[in-house]
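Understanding the architecture of this molecule
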Amino acid sequence: MFVKVCGLSTPESVRTAAEAGADAVGFVLTRSPREVTPDQVRGLLTHVPPGLPAVGVFRHEPAADAVAAAREAGLAWVQLHGDRSPADVRTVHDAGMKLIRAVTMGAAPEAFDNWGEELLLIDATVPGSGEAWDYGSVRAKALGGRTWLLAGGLDPANVARAAAEAGAWGVDVSSGVESARGVKDLAKIKDFVRAAKSAE
Ligand SMILES: O=C(O)c1ccccc1NCC(=O)[C@H](O)[C@H](O)COP(=O)(O)O
């Protein structure tokens, strides 16, 4: 099970996620209680082990602006939420970066097609809200063979069941490993990664 821990903003949380066995870490570079600046991300990246994907998260920004901010932050991965098109995928790839494209279950059917992104992320309606949803409903989508992440309202207690219900390839978490909005809880990060990995 691929596990991404998102919304990190301190060296301790980055190191804890990496040491716990997370497969990717995320930094929110858009308006959020977890927002960090490109400069802060550069500092946090010194705590990311070589080879561990580090992702810059964006919501409504044009893809070109997201790419520019990710480059400034020293990131090679971009995660785009909001209404997107195949042209956005090309913009990210033309910049030599990799893409996590986020969709919600309410998105148009074609949004679930393979547009060439490295990972698809199926999230709650409001990203980073901690809102759970009907994870089993993903099974109605034709995702066989795709690399995709389940997100939205996951936590150490529900991740194994949610991943099984959805048939998830991987999972992504932010709110469920916090003690308060925007404040990561190191023990919860460890518990989450352990629970997700044990769900395989
Ligand atoms: O974290 C945010 O506040 C945020 C704001 C705008 C776009 C994306 C954002 N976060 C994305 C994520 O952290 C994850 O992809 C996912 O939505 C986490 O959901 P949850 O575990 O329910 O917080």
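Note that the structure is a prediction, hence the values are computed from the model and not measured.

Attention now goes to the sheet that holds strand E4 (residues 77-80). Taken together, the eight strands give a closed barrel; going around it, the order is E1-E2-E3-E4-E5-E6-E7-E8, and neighbouring strands pair in parallel fashion. Going from strand to strand, the sheet's axes swing by 25° on average, the running direction of each strand aside. Of the strand pairs in this sheet, strand E6 (residues 119-123) and strand E7 (residues 148-151) are connected by three bridges, and their pairing is parallel. Bridge pairing in E7 links Leu121 to Leu149.

Let's shift gears to the site of the ligand. In the vicinity of the ligand lie 26 residues, with Cys6, Ser32, Gly128, Ser174 and Ser175 positioned nearest. Within the residue set of the shell around the ligand, elements represented by two or more residues are strand E2 (24-28), E6 and strand E8 (170-173). In terms of residue class, the shell around the ligand is made up of nine nonpolar, 13 polar and four charged.

This part is about helix H3 (residues 63-73). Side chains three or four residues apart in an α-helix point the same way, a direct result of the helix having 3.6 residues per turn. Listing the buried residues of H3 in full gives Ala63, Ala66, Val67, Ala70 and Ala73. Along the axis of H3, the buried residues cluster in a sector spanning 125°; they form a single face. Buried residues belonging to H3 abut helix H2 (38-44), strand E3 (54-58), E4 and helix H4 (86-94). Gly74 lies just past H3 and shows a positive phi near 85°.

Before going further, it helps to examine the UniProt feature "domain: N-(5'phosphoribosyl) anthranilate isomerase (PRAI)" (unreviewed entry) in the protein. Annotation from UniProt places "domain: N-(5'phosphoribosyl) anthranilate isomerase (PRAI)" (unreviewed entry) at residues 3-194. Across residues 3-194 one finds 28% helix and 22% strand; the C-alpha atoms that close the span lie 10 Å apart.

Pairing of strand E1 (residues 2-5) with E8, which is carried by four bridges, proceeds in the parallel orientation. In the strand pairing of E8, Val3 is matched with Val171. Where E1 lies against E2, two bridges are found, and the strand directions are parallel. Residue pairing for E2: Lys4 is matched across the bridge by Ala24. Each parallel crossover has a hand, and for E1 linked through helix H1 (residues 11-20) to E2 it is right-handed.

In this model, the protein carries a mean pLDDT of 97, and residues with pLDDT of at least 70 account for 100%. Across the predicted assembly, pTM comes out at 0.97 and ipTM at 0.98.

What counts and how
- Residues numbered from 1 in each chain as written.
- Predicted model: local features only at pLDDT ≥ 70, side-chain atom pairs only at ≥ 80, totals over all residues.
- Pairing = 2+ DSSP bridges.
- Helix = DSSP H or I, 4+ residues; strand = E, 2+ residues; numbered from the N terminus.
- Axes fitted to C-alpha atoms, helices over the stretch in contact; angles between N-to-C directions.
- Near = placed C-beta within 6 Å.
- Nonpolar A, V, L, I, M, F, W, Y, C, P; charged D, E, K, R; others polar.
- Buried ≥ 20, exposed ≤ 12 C-beta atoms within 10 Å, placed from the backbone.
- Arc of directions from axis to C-beta.
- Contact = placed C-beta atoms within 7 Å.
- UniProt positions renumbered as here; feature names shortened; annotations may be inferred.
- Right-handed = clockwise from strand over helix to strand, strands pointing away.
- pLDDT = per-residue confidence, 0-100.

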